[in-house]
Amino acid sequence: KQEVTQIPAALSVPEGENLVLNCSFTDSAIYNLQWFRQDPGKGLTSLLLIQSSQREQTSGRLNASLDKSSGRSTLYIAASQPGDSATYLCAVHAYSGAGSYQLTFGKGTKLSVIP
Amino acid sequence: EADIYQTPRYLVIGTGKKITLECSQTMGHDKMYWYQQDPGMELHLIHYSYGVNSTEKGDLSSESTVSRIRTEHFPLTLESARPSHTSQYLCASSGGTGSEQYFGPGTRLTVT
C-alpha cells in the first residue's frame, strides 16, 4: 500500500528566504506526482504536476523535482513571501487496480512566512 | 469560467438528519471524486466516478452514498448523520486517466 510522508510537518521562515519541502513515497510505481496548496478551511489549489517520466517542473517561484527511483520529490520555493503561508500537500497518482488510478496524499507541511 | 463548486460551505446539523452535499463542475470532466479530511490529517478517497451511472467506493470506508446521473453533478448523501461524520468533505474532478485533479472549496460538516 502506497504511503506518502512529508517532512517537516511545520516550517517557519523569515520573508525572502528560499526553502525546500520534502515528500517521500514508498512505492515507486507512480503515474505522476502533484503538489497542492491548502489555505485554512479551504479546498486545494494545484501548484505543479510532474509526470513519472519527468525530473522537474517549474512555475514562477516554484520548482518541483522528482526522483522516482528513490521515491522522493521536493518543492523549492524561492524568495518566500507572507502570502506563501499555507499547508503544502504532496500526492502521488498510482494504479490501484480494476482500471482505476488514485491519489494518495501526505499530511502536508504547514509553512509560515514571517514578515 | 470553468470551475468546481460545492454547497453548502458550512453545515451544522443534528444527529439522525439526512443531508446531501452538492458538487458541480463546469469543466466537462468525466472523472469526479469525494475526499474526507479531518483536521491535521491527510485526505482520504471515499467515492469516485469515471462517468455517468458509474460510482465506486474509495479506500476509506464511508457510510455515505453518491450518484452520478449527469456528468457535471456528483452529490454525496448521508442518510442518518452522526457525530463521527464531522469532517471536511472535498470534491474534485479530472479530465483523463491520471491527469491533474481540481478541487472545490470543500464543505465543513459538523454533526451535533
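Residues numbered from 1 in each chain as written. Chains lettered and ligands numbered in written order. Predicted model: local features only at pLDDT ≥ 70, side-chain atom pairs only at ≥ 80, totals over all residues. Heavy atoms only, no water.

Brief notes about the interface of chain B and chain A
Put simply, the rule is: Any two residues whose heavy atoms approach within 4.5 Å at even a single point are treated as in contact. Accessible area that two parts lose when put together, with a 1.4 Å probe and added across both, is what the buried area reports. Salt bridge, as used here: a side-chain nitrogen of Lys or Arg that lies within 4 Å of a carboxyl oxygen of Asp or Glu. We call two N or O atoms a polar contact when they sit within 3.5 Å, provided that within protein one can donate a hydrogen and the other can accept it, with sequence-adjacent residues counted only if both atoms are side-chain atoms. Secondary structure counts use DSSP, requiring at least four H or I residues in a row for a helix and at least two E residues in a row for a strand, with both numbered from the N terminus. Classification used: nonpolar for Ala, Val, Leu, Ile, Met, Phe, Trp, Tyr, Cys and Pro, charged for Asp, Glu, Lys and Arg, polar for all others including Gly.
At the interface, 23 residues of chain B touch 21 residues of chain A. Counting the surface lost from both chain B and chain A, the interface buries some 1800 Å², and carbon and sulfur atoms represent 51% of this. Along the contact surface separating chain B from chain A lie zero salt bridges. There are six residue pairs in polar contact (both at pLDDT 80 or more) connecting chain B and chain A. Elements with a minimum of two residues in the side of chain B that touches chain A: strand S4 (31-37), strand S5 (44-51) and strand S9 (87-94) of chain B. Of all the elements, S5 of chain B adds the most residues to the side of chain B that touches chain A, at three residues. Residues that form the side of chain B that touches chain A fall into these classes: ten nonpolar, eight polar and five charged.

With respect to the nonpolar core
Rule in force here: Put simply, a nonpolar core is a bunch of buried Ala, Val, Leu, Ile, Met, Phe, Trp, Tyr and Cys residues held in one set by side-chain atoms that sit within 4.5 Å of each other. Partly exposed describes any residue whose relative accessible area lies between the buried limit of under 20% and the exposed limit of over 50%, with all areas from a 1.4 Å probe on protein chains only and scaled to the type maximum.
Core analysis: the largest hydrophobic core is formed by 22 residues, its most contacted members being Phe25, Leu33, Trp35, Leu75, Ile77, Tyr88 and Leu111 of chain A. Among the secondary structure elements, those contributing two or more residues to this core are strand S3 (19-25), strand S4 (32-38), strand S5 (44-51), strand S7 (62-67), strand S8 (72-77), strand S9 (86-97) and strand S11 (109-114) of chain A. Of all hydrophobic cores here, the second largest spans 17 residues; its members include Val66, Leu76, Ala81 and Leu109 of chain B.

Examining the sheet that holds S8 of chain A
Residues and elements named next belong to chain A. Going by this rule: Two strands pair if DSSP finds at least two bridges between them. Convention adopted: a line fitted to C-alpha atoms gives each axis, helices being fitted over their contacting stretch, and angles between N-to-C directions are expressed from 0 to 180 degrees.
On the basis of which strands lie adjacent, the open sheet formed by five strands has the order S1-S3-S8-S7-S6 and antiparallel pairing. With one partner strand each, in any of the chains shown, strand S1 (4-7) and strand S6 (56-59) form the two edges of the open sheet. Shown here is a sheet whose adjacent strand axes are inclined to one another by a mean of 15 degrees, direction ignored. Sheet topology places S7 next to S8; six bridges connect them, and they run antiparallel. Each bridged residue has a counterpart across the sheet, and for Asp67 the counterpart in S8 is Arg72.

Some details on the confidence of the model for chain A
Operational definition: On a range of 0 to 100, pLDDT expresses the predictor's confidence in each residue.
Confidence along chain A averages 94 in pLDDT terms, with 100% of residues attaining 70 or more. Confidence, expressed as mean pLDDT per element, reaches its minimum in chain A at strand S10 (residues 100-105) of chain A with 87 and its maximum at S8 of chain A with 98.

Some details on the state of the cysteines
Residues and elements named next belong to chain B. Selection rule: To count as a disulfide, a pair of cysteine sulfur atoms needs to be within 2.5 Å.
Going through the model one piece at a time under the given rule, you end up with two disulfides over all chains. The disulfide partner of Cys23 is Cys91, and the gap between their sulfur atoms is 1.9 Å. Linking Cys23 and Cys91, the disulfide has an S-S dihedral of approximately -75 degrees and is accordingly described as left-handed. Taken as a pair, Cys23 in strand S3 (residues 19-25) and Cys91 in strand S9 lie far apart in primary sequence, 68 residues in all. In this pair, the class of Cys23 matches that of Cys91, namely buried.

Section: the sheet that holds S3 of chain B
All names here are of chain B. Strands sit in the order S1-S3-S8-S7 across an open sheet of four strands; the sheet is antiparallel. One side of each edge strand has no neighbouring strand; the edge strands of this open sheet are strand S1 (4-7) and strand S7 (65-66). Here S3 runs beside strand S8 (residues 76-78); their pairing, made up of three bridges, is antiparallel. Residue pairing in the sheet places Thr20 in a bridge with Thr77 of S8.

Quick notes on the packing of aromatic side chains
Each pair of aromatic rings is reported with the distance of its centres and the angle of its planes. The cut-off we apply is this: Stacked, tilted and edge-to-face pairs are distinguished by plane angle, under 30 degrees for stacked and over 60 for edge-to-face with tilted covering the rest, among Phe, Tyr and Trp rings (Trp via its six-membered ring) whose centres lie within 6.5 Å. We call a charge positioned above a ring when the Lys NZ or Arg CZ atom is no farther than 6 Å from the ring centre and deviates by at most 35 degrees from the ring normal.
Applying the stated criterion across every chain, the model contains nine aromatic pairs over all chains. Ring geometry for Tyr95 of chain A and Tyr101 of chain A: centres 5.3 Å apart, planes at 65 degrees, overall edge-to-face. Ring-pair connections join several aromatic residues into one group, and the members of that group are Phe36 and Phe105 of chain A together with Tyr33, Tyr35 and Phe103 of chain B. Note that Lys31 of chain B overlies the ring of Tyr50 of chain B, its terminal NZ or CZ placed 4.9 Å from the centroid. Directly above the ring of Phe74 of chain B sits Arg68 of chain B, whose terminal nitrogen or CZ lies 5.9 Å from the centroid.

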